[in-house]
Amino acid sequence: MQTTFVMVKPDGVQRGLVGEIINRFEQKGLRLVGLKQLLPSHELASRHYAVHSERPFYEGLLKFITSGPVVAMAWRGVDAIAVARNIIGPTDGREASPGTIRGDYAMDIGHNIIHGSDAEETAEFELSLWFPDGLVEWTRSAEDWIYE
Ligand code: IDP
Ligand code: MG
């Protein structure tokens, strides 16, 4: 089992896609173990995207992420990090395949609706950053049917 950090960005919230996005992860079979809406501070956003601090789009990215509320989520399942990235699709919405969230809803590389952790260490770092009080431990009874 892995746990991954997923965030609906301000454009996804403003466009009314929160329910649709949760639905996709839930129906796939992942288990929701953390969920909250918040207006990210500049400090939180800059720590989250610190890896991109030297990139030319960094300041614009921070401005975008702090421009309105986001919905932070933690999803758990077998290979959850890669499974979530596949549901999300590649960074550039115009290149993302239909069927992925970005492929279905995004037309830009910056305004691309959603974030998902890209590796185990990143997931661990991002989950501790956005959910410092921990996650919700529960068992989803449907997992007896989701996994063999
Ligand atoms: P990812 O979200 O698919 O992992 P990253 O390369 O980690 O993509 O970039 C983080 C975020 O920074 C992207 O989701 C996107 O919002 C933004 N971003 C990445 N590249 C560009 C760019 O060239 N112009 C503007 N924004 C960008
Ligand atoms: Mg990334």
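Residues numbered from 1 in each chain as written. Chains lettered and ligands numbered in written order. Predicted model: local features only at pLDDT ≥ 70, side-chain atom pairs only at ≥ 80, totals over all residues. Heavy atoms only, no water.

Could you give me a rundown of the side chain of His48, with the residues and numbers involved?
Note on placement: His48 falls in helix α3 (residues 42-48). Only 3.0 Å separates the side chain of His48 from the side chain of Trp130, close enough to count as a polar contact. (Helix = DSSP H or I, 4+ residues; strand = E, 2+ residues; numbered from the N terminus. Polar contact = N/O pair within 3.5 Å; in protein donor to acceptor, adjacent residues only side chain to side chain.)

Describe the packing of aromatic side chains, and please don't skip the residues or the numbers.
One pass over the structure, following the stated rule, counts three aromatic pairs. With a centroid separation of 6.4 Å and an interplanar angle of 70°, the aromatic rings of Phe5 and Phe131 are classed as edge-to-face. With Phe5 in strand β1 (residues 2-8) and Phe131 in the loop between α7 (120-130) and α8 (143-146), this residue pair connects regions lying 126 residues apart in the sequence. When sorted by exposure, Phe5 lands in the same class as Phe131, which is buried. Arranged with centres 5.5 Å apart and planes meeting at 20°, the rings of Phe25 and Trp75 form a pair that is stacked. A residue pair is termed long-range when its members are at least 10 positions apart, and Phe25 in helix α2 (residues 18-28) and Trp75 in strand β3 (residues 70-77) qualify at 50 residues. Trp75 shares its class with Phe25; the two are buried. Through a chain of ring-to-ring contacts, the aromatic side chains of Phe5, Trp130 and Phe131 assemble into a single cluster. (Phe/Tyr/Trp six-rings, centres within 6.5 Å; stacked < 30°, edge-to-face > 60°. Buried < 20%, exposed > 50% of the residue type's maximum accessible area, 1.4 Å probe, protein only.)

Any details on the nonpolar core? Residues and values, ideally.
Generally speaking, a soluble globular protein has its nonpolar side chains buried in company with each other. Grouped together as the largest cluster of nonpolar side chains are 19 residues, with contacts concentrated most on Ile21, Phe25, Met73 and Ile114. Listing elements by their share of this core, those giving two or more residues are β1, α2, β3 and α5 (80-88). Of the residues forming this core, the biggest block, four residues, is contributed by α5. Judged by nonpolar contacts, the second largest core, of 18 residues, contains Val33, Ala45, Ile65 and Phe131. (Core = buried A, V, L, I, M, F, W, Y, C linked by side-chain atoms within 4.5 Å.)

Talk me through the site of ligand 1; I want residue IDs and the actual numbers.
The local shell around ligand 1 consists of Lys9, Tyr49, His52, Phe57, Leu61, Arg85, Thr91, Arg102, Ile109, Gly110 and Asn112. In the environment of ligand 1, an oxygen atom lies 3.0 Å from a nitrogen or oxygen atom belonging to the side chain of His52. Within the side chain of Arg102, one N or O atom sits 3.0 Å away from an oxygen atom of ligand 1. Protein burial of ligand 1: of its 530 Å² of free accessible surface, 77% is covered by the chains. Of the residues belonging to the shell around ligand 1, the class tally is four nonpolar, four polar and three charged. (Near = heavy atom within 4 Å. Areas by Shrake-Rupley, 256 points an atom, 1.4 Å probe, with all protein chains shown as cover. Nonpolar A, V, L, I, M, F, W, Y, C, P; charged D, E, K, R; others polar.)

With reference to specific residues and values, describe the sheet that holds β1.
In spatial order, the strands read β2-β3-β1-β4; together these four strands make up an open sheet with antiparallel pairing. The open sheet terminates on both sides in strands that have one partner only, identified here as β2 (31-38) and β4 (114-116). With direction set aside, neighbouring strand axes in the sheet form an average angle of 15°. Bridge analysis of β1 against β3 gives seven bridges, and the strand direction is antiparallel. Each bridged residue has a counterpart across the sheet, and for Val8 the counterpart in β3 is Val71. Set on the sheet, α2 makes contact with β1, β2, β3 and β4; between it and β3 the angle comes to about 5°. (Pairing = 2+ DSSP bridges. Axes fitted to C-alpha atoms, helices over the stretch in contact; angles between N-to-C directions. Contact = heavy atoms within 4.5 Å.)

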